[in-house]
Amino acid sequence: MTKEARFAFGKNWQAFLAELDEDRIDQAVISLQQSLGLETLDGKRFMDLGCGSGLFSLAAQRLGADVISIDYDRFSVACSEELRKRFGSKSQQWEIKEGSVLDDVLMQSLGYADIVYSWGVLHHTGAMNKAISMAAERTKPKGLFCLAIYNDQGGASRRWLQIKKIYNGIPPWFRFFWVLSVAGIYEFKFVLARLVRFRNPLPFRDWHAKRQDRGMSAWHDWVDWIGGLPFEVAKPEEIVVPLRQRGFVLENMKTVANGWGCNEFVFSKAQS
Ligand SMILES: C[S@@+](CC[C@H](N)C(=O)[O-])C[C@H]1O[C@@H](n2cnc3c(N)ncnc32)[C@H](O)[C@@H]1O
C-alpha cells in the first residue's frame, strides 16, 4: 500500500446509509441482475470485494446468494454490518470482514466464489493491476468476475487526480465547499449540454432516473468521485487483454467511451 492520502470512503458510506430505503435496494437488485445477466443467484457464492455500503452484498443476498463481503475501511465494514442488521435475511449467509484485497493471506482464506464482484474498488487500492489479478484469482472455474474500473481519459484523468488531491489536502470543514464548487461547475455544464440538445435542462426531472443508477445518491457519488484516492485509471483494453491471457472470457462490457466514470466488465472464467 502506498503512503498516498486515502479518502475516507467508509464515512461517506455511513452518511449514505441514512438515505437508504427499499426503493434504492430494489434499484441495486435490478442493476446487479442487469450487470450479471442473471435473474437469480440462488445457490451461488457471491464475493463482494470492497463492499462499501454493503448495498450490493445485500442485493446479491436478496437474489439468493450466500455472500462474503470485505472492505479495507472499518467504517465501510460497520456500514455493511448495520445494513445486514437492518435489511439482511437470516436464511442465507452473509459474512463481513475487514481487510484488503491486496492481503494475500486474507484473500486465500476467502476461498473461491461463483461470482466475484468488485465495483469501483480496485482502482482505489494503490496497486490496481495487482488487485485485479488477486480478485480474479478468487473466481471459480465457470464463475463470473465483474469489475468496474475508472476510464482513462488522458489529460482529464490527470486533472481529476489534482482535484482529488486538493480535496484530501484541505481542512475537513472546507471539503463540503470544494465538492459543492466542483460538482456545481459540472452540473452547470450538464445543464448547458442538455439545453443545446433541446432537452429539459433541469436535472430534477431526472430525480427518479438518478435513483435508478445503482440505487446510489447523487451527492454521495460526487463526494466519492471528488475525494476518492488512491486513484488509477485504465483503457478498456488494458483490463480485457491481461484477463483474456489468463483464461477469462469477456461476456459483457459497458464502456463510457471517451467519457468519465467507470467501464464495467463481466468475465467468465474458463474451466481449468
Ligand atoms: C467507490 S467504493 C465502491 C463500493 C461498492 N463496491 C459499490 O459499488 O458501491 C470503494 C470501496 O473500496 C474500498 N477499498 C479501497 N481499497 C481497498 C482495498 N485495498 N481492499 C478492500 N477494499 C478497498 C473502500 O474502502 C470503499 O469502500
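What counts and what doesn't
Residues numbered from 1 in each chain as written. Predicted model: local features only at pLDDT ≥ 70, side-chain atom pairs only at ≥ 80, totals over all residues. Helix = DSSP H or I, 4+ residues; strand = E, 2+ residues; numbered from the N terminus. Rg over C-alpha atoms; globule rule 2.2 N^0.38 Å. Buried ≥ 20, exposed ≤ 12 C-beta atoms within 10 Å, placed from the backbone. Contact = placed C-beta atoms within 7 Å. Domains from an automatic or database assignment. Nonpolar A, V, L, I, M, F, W, Y, C, P; charged D, E, K, R; others polar. Pairing = 2+ DSSP bridges. Axes fitted to C-alpha atoms, helices over the stretch in contact; angles between N-to-C directions. Near = placed C-beta within 6 Å. Right-handed = clockwise from strand over helix to strand, strands pointing away. Arc of directions from axis to C-beta. Parallel < 35°, antiparallel > 145°, perpendicular 65-115°, else oblique.

Caption draft 1: Structural detail: the overall build of the protein. In terms of helices and strands, the protein carries 11 helices and seven strands. For the protein, the C-alpha radius of gyration of 18 Å lies close to 19 Å, the compact-globule estimate for 272 residues. Along the longest, intermediate and shortest principal axes, the C-alpha atoms of the protein span 50 × 40 × 40 Å. Taking all 272 residues of the protein together, the buried fraction comes to 37%. Sequence-distant contacts, at least 24 apart, represent 72% of the contacts inside the protein between residues at least 6 apart.

Caption draft 2: Region of the structure containing the domain arrangement of the protein. Taken domain by domain, the protein holds domain 1 (9-152 + 231-269) and domain 2 (155-227). In this structure, domain 1 and domain 2 have C-alpha centres spaced 23 Å apart. Across the contact, 16 residues belong to domain 1 and 12 residues belong to domain 2. Looking at the side of domain 1 that touches domain 2, the elements with two or more residues in it are helix 1 (9-17) and helix 2 (22-36). The element contributing the most residues to the side of domain 1 that touches domain 2 is helix 2, with six residues. Class assignment of the residues belonging to the side of domain 1 that touches domain 2 gives a composition of nine nonpolar, three polar and four charged.

Caption draft 3: Representation of the sheet that holds strand 6 (residues 248-254). The seven strands lie next to each other as 3-2-1-4-5-7-6, forming an open sheet whose pairing is mixed. Among the strands making up the open sheet, the edge pair consists of strand 3 (94-98) and strand 6. Along the sheet, successive strands turn relative to each other by an average axial angle of 15°, direction set aside. As paired strands, strand 6 and strand 7 (residues 262-269) are joined by six bridges and run antiparallel to one another. Residue Leu250 lies in a different strand from strand 7, and its bridge partner there is Phe267. Lying over the sheet, helix 6 (residues 128-136) contacts strand 1 (45-49), strand 4 (113-119), strand 5 (139-150) and strand 6, oriented at roughly 155° with respect to strand 5.

Caption draft 4: Spotlight on the site of the ligand. Around the ligand sit 22 residues in total, of which Phe9, Gly50, Gly52, Asp73 and Trp119 are the nearest. Listing elements by their share of the shell around the ligand, those giving two or more residues are helix 1, helix 3 (55-62) and strand 2 (66-71). For the shell around the ligand, the class distribution of residues is 10 nonpolar, nine polar and three charged.

Caption draft 5: Local environment of the pairing of strand 2. Within strand 2, five of the six residues are buried, which leaves the element mostly enclosed by the surrounding structure. Bridge count for strand 1 against strand 2 is five bridges, and the pairing is parallel. Looking at strand 2, one finds that Arg45 is bridged to Asp66. Handedness of the β-α-β unit built from strand 1, helix 3 and strand 2 comes out right-handed. Where strand 2 lies against strand 3, five bridges are found, and the strand directions are parallel. Residue Ser69 lies in a different strand from strand 3, and its bridge partner there is Ile96. This β-α-β element, strand 2 to helix 4 (residues 74-87) to strand 3, shows right-handed connectivity.

Caption draft 6: Quick look at helix 1. Along helix 1, the residues classified as buried are Phe9, Gly10, Asn12, Trp13 and Phe16. Around the axis of helix 1, the buried residues are gathered within 160° of arc, so they sit on the same side. Packed against the buried residues of helix 1 are helix 4 and helix 10 (218-227).

Caption draft 7: Broad picture of the environment of Leu106. Along the chain, Leu106 falls in helix 5 (residues 104-109). Spatially, the C-alpha atoms of Leu106 and Pro172 are 32 Å apart, while their sequence positions differ by 66 residues.

Caption draft 8: Molecular detail of the pairing of strand 1. For strand 1, a buried count of five out of five residues is recorded, marking the element as mostly surrounded by other parts of the structure. Here strand 1 shows a buried face lined by Arg45, Met47 and Leu49 and a second buried face lined by Phe46 and Asp48.

Caption draft 9: The packing of helix 2 against helix 3, seen in detail. At a minimum axis separation of 9 Å, helix 2 and helix 3 run at an interaxial angle of 75°. Accordingly, the angle class assigned to the pair helix 2 and helix 3 is roughly perpendicular. On helix 3, the residues touching Ile25, Ala28, Val29 and Leu32 of helix 2 are Leu55, Phe56, Leu58, Ala59, Ala60 and Arg62. For the contact of helix 2 with helix 3, the per-class residue count stands at nine nonpolar, no polar and one charged.

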